[in-house]
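# Remarks on the overall topology
Residue strings, one per chain:
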Amino acid sequence: MIETENLSKAFNDFWAVSGINLRVEAGQVLALLGPNGAGKTTTVRLLTTILRPTYGRAWVAGYDVLNQPEKVRSSVGVLTEGHGLYPRMSADEYLDFFARAYRLSAHERKQRIDELLAFFGLAEARRKQVGQFSKGMRQKLALARALLHKPPVLLLDEPTSAMDPASARLVRDAILELRSNERTIIVCTHNLSEAEEIADQIAIINHGKIILQGSPQQLKVALQEKARFRVRFASALNGHRLSLVKGAELLQQGENWLLYQTAQPESVNPSLIQALTQQGLPILTIEEQVCSLEEVYLHAIEGELKDGR
Amino acid sequence: MAVERLQNFFAGALLVTVREVREQFRDWRIIFPIVVLTLFFPVLMNYTANRLVNFVQQYDAPIIGERLIPFLLMVVGFFPMSISLVIALESFVGEKERLTIEPLLCTPLSDTQLYFGKLLASLTPPLLASYLGTFVYLIGVTYKVGWRAEPLFIVQIFVLATMQALVMVSGSVVISSQTTSVRAANLLASFIIIPMALLLQAISALMFWGRYSALWWVALGLLIIAGLLIRSGLAQFRREELLEREMDTLNLHWIGRTFWRFFKGEARSLRGWWRSEVLRSGRKALLPSGLTVLVLLLGGYVGASQAKVFVLPSEYIQEYWNSGEVISRLGQLQLLPSYSVGLVWFQNLRAIFLASLGGFFSFGVFGMLVLLLPFALIGYFMASLVQVGISPWVFLGAFILPHAILEVPAILIAGGAILRMGASFATPARGQTVGEAWLRALADWARVMIGLVMPLLLGAALVEMLITPRLAFWLMSR
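Residues numbered from 1 in each chain as written. Chains lettered and ligands numbered in written order. Predicted model: local features only at pLDDT ≥ 70, side-chain atom pairs only at ≥ 80, totals over all residues. Heavy atoms only, no water.

## Some points on the interface of chain A and chain B
The condition is simple: Note on contacts: a residue pair qualifies if any of its non-hydrogen atoms lie within 4.5 Å across the two residues. Two parts placed together each lose some accessible area under a 1.4 Å probe, and the buried area is that loss summed for both. Between Lys or Arg on one side and Asp or Glu on the other, a salt bridge is scored when a side-chain nitrogen of the former is within 4 Å of a carboxyl oxygen of the latter. What qualifies as a polar contact is a pair of N or O atoms within 3.5 Å, subject to a donor-acceptor requirement within protein and to the restriction that residues adjacent in sequence count only when both atoms come from side chains. Secondary structure elements follow DSSP: runs of H or I no shorter than four residues count as helices, runs of E no shorter than two count as strands, and numbering proceeds from the N terminus.
Across the contact, 30 residues belong to chain A and 26 residues belong to chain B. Three residues stand out in chain A for area buried against chain B, namely A:Ile50, A:Tyr86 and A:Arg88, and they jointly supply 26% of the buried area on that side. Our count for the chain A to chain B interface comes out at 5 salt bridges. Between B:Glu102 and A:Arg45 there is a salt bridge, with its nearest N and O atoms 2.9 Å apart. Our count for the chain A to chain B interface comes out at 5 residue pairs in polar contact (both at pLDDT 80 or more). Elements with a contribution of two residues or more to the side of chain A that touches chain B: β1 (2–11), α2 (69–75) and α3 (91–101) of chain A. At 5 residues, the largest contribution of residues to the side of chain A that touches chain B is made by α3(A).

## Some details on the packing of aromatic side chains
For the record, the criterion: Side-chain rings of Phe, Tyr and Trp (the six-membered ring for Trp) are treated as a pair once their centres are within 6.5 Å; stacked means planes under 30 degrees apart, edge-to-face means over 60, and tilted covers the remaining angles. Only protein chains enter the accessibility calculation, which uses a 1.4 Å probe. A residue is then buried if its area is under 20% of the maximum for its type, exposed if over 50%, and partly exposed in between. Two conditions define a charge sitting above a ring: the NZ of Lys or the CZ of Arg must be within 6 Å of the ring centre, and it must be within 35 degrees of the ring normal.
The full count for this structure, using the stated rule, is 23 aromatic pairs over all chains. Aromatic side chains B:Phe259 and B:Phe263 sit 5.8 Å apart centroid to centroid with 15 degrees between the ring planes, which places their arrangement in the stacked category. Here B:Phe259 and its partner B:Phe263 are both found in helix α13 (residues 252–264), 4 residues apart, which amounts to about one turn of the helix. Of the residues examined, B:Phe259 reaches a relative accessible area of 25% and is grouped as partly exposed. Since its relative accessible area comes to 10%, B:Phe263 is described here as buried. Aromatic pair B:Tyr380 and B:Phe381: ring centres 5.7 Å apart, planes at 65 degrees, arrangement edge-to-face. In this structure B:Tyr380 comes out as buried when scored by relative accessible area, which is 15%. Overall, the relative accessible area of 38% leaves B:Phe381 in the partly exposed class. Put simply, the rings of A:Tyr86, A:Tyr94, A:Phe97 and A:Phe98 pair up and form one aromatic cluster. One Lys or Arg, B:Arg19, reaches over the ring of A:Tyr86 and ends 3.5 Å from the middle of that ring. One cation-aromatic arrangement involves B:Lys118 over B:Phe92; the distance from NZ or CZ to the ring centre is 5.5 Å.

## Topic: helix α8 (residues 151–178) of chain B
Owing to its 3.6 residues per turn, the α-helix brings residues three or four apart onto one side. The cut-off we apply is this: What a helix is expected to span follows from its residue count: subtract one and scale by 1.5 Å.
Between its first and last C-alpha, α8(B) extends 41 Å over 28 residues, near the 40 Å set by a 1.5 Å rise per residue. Counting buried positions along α8(B) gives 23 out of 28 residues, so the element sits mostly inside the fold.

## Here we look at the pairing of strand β11 (residues 227–233) of chain A
All names here are of chain A. Defined as follows: Between any two strands, at least two bridges found by DSSP are needed for them to pair.
By the criterion of burial, β11 is predominantly enclosed, with 5 of the 7 residues buried. The pairing of β11 with strand β13 (residues 257–262) spans 6 bridges and is classified as antiparallel. Across the sheet, the residue bridging to arginine 228 is glutamine 261, located in β13. In this sheet, strand β14 (residues 283–288) lies alongside β11 in antiparallel orientation, the contact comprising 5 bridges. Along β14, the bridge assignment pairs valine 231 with isoleucine 286.

## Focus on the domain arrangement of chain B
Inclusion rule: Segmentation of the chain into domains, including their bounds, is taken from an automatic or database domain assignment.
For chain B, the domain assignment lists domain 1 (2–242) and domain 2 (252–476). Spacing between the C-alpha centres of domain 1 of chain B and domain 2 of chain B amounts to 36 Å.

Quick look at the structure:
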């Protein structure tokens, strides 16, 4: 589990992270979204104890980041922004070095390294120098390093960046599998569809502050105060002057469609369908228009910009 | 339990060391100079030694050759260590620039394990190269020139090389862990290169002079400095700060503001400042002042012991002392230079500031050396007087004691403040950045200097110019 309480970090006079409150339970994935420089990496570094909070507290896997940093580091698997690979080492040597650093026994080291190299399709390249790896292979090796010691908490910064679609799918599936194994995972990403697919919770961070937080569905609903519906007709409207019922607000109208929104779809929708049918407009389909995560994200970030923060 | 902890500690540190050394040996940019300096360079030195020995023998000056061969041995051992500087300087900051440090910092390895691991990794290859080069040179010089080194001298050269490497590496690792770029680290390396170059010249002088036993003292001094540098590096190394520093910016406004905050303390008036802040800093300097007493007494003893080595002509002293010249010159106030009080004060202040400057860069060590010099001279003169049968107490009572009543406490307090400032660089400053800790130490030093040492030295200068000569005149003319 990860919990933070007013977690803040200042570099001289600049607050990179300010008053962050998070709670991610075991078996949950939190996606941290935000523009470059928003404070995502600083948050991850605070949770891995390689930065010290200026203010506030945090607990990772039940350990206090201020008072039990070594235990926190033993419980966390980290995929850093840069891969952090040593180019003159082979994949085998690289993983063995970190497995020793995480104090795995000789038997565990061999087993885990074999398992992970096989899982990420790197078994054949295990004796090759890392400097000769492609970007995707490096990313996979860095991920393997993060998973070596079977940590209960995973902090992954851009886990699928530079990966081909098949490899990205492999990583996403791995994350979902880890989630089902009761691991706590934080993923920093710019890939909104990925966040939507794997995250139980999304936190949008900007200027070091969390500006929006909740499940993907909650965020969409939070943004959309009124439900939107698109009605498609069997024939063209031909300049027909539409009259909607009370409570329905026309947003847009096309050749054979219209878009409206309402705060009470349960009562408004049946009367509107009835009214449109009475006006001689044959309804072909009616579907709810849910806003995308991208719209939520942009709305949140732009709202921040408008507020001048 | 303790053994297990120690084993775990070394297992972690050596893990870092082995990885780094292995990677260094895969880098031809490191391998190539090591091979050249361990194999080619000693052979070149053998050739040089051979030619020079033959050359000087033509002019019946074999001593030059005799002194040159051991000197070249020292040079051969030292040269491969220049690589240690390069490796150590980029140990932390290089990894930071290559973005490989973060995963390492995220492991459960402790700060001390990381630090020692890096230190050993920077030390091992160049030191092995140094030993190998020395062996190659020794073999060559034995067979080609026929020179055989004393076993103890070989041990001495190996110890000296190890200590030099230790100082250079420990200093470089401190720089590497505190800078934000390899470029900045390289620039700061001059703080290591220049003192090491001066040290090499001093060692060369000792070797050409034939004072080989003094090299043990040099090795001991280097060991102490290396110990202090390692202590300082460990105290100031915190993984949390390694990624915090992104730019080497010199914020003069912040420096000035922070220094003034520490210097002023909580005082609201000059009187309050002196009574609370100055005296508090003075009290903190009490213990190191006690250490200064021991150092100054040691200086006096060393000076006195040198009176037997560098003997002043007794006839001259007795003639001068008994001829009345001293008294007549005292009468004209010419025994002491005819300075004004201000000049004497300035002279003493200059010495104290020089000691402080030396102490600032050497954890207080060079500061102590500057302060003990006058005491060594006093010891020397007193012992010289004893040797010719003149009571040293008259000299002490007439020429030193009157103004020493104020000057010695000033020196002791200043010595304490210098030692404290030096020590603060080698002690952890939890809850403060390294910059804040340094500014606090500097502010403490400044309080003591301005509030205590400067007034005491002014009083001493007044006594020295107005009372000491008259008292000396009175005592000597009795």
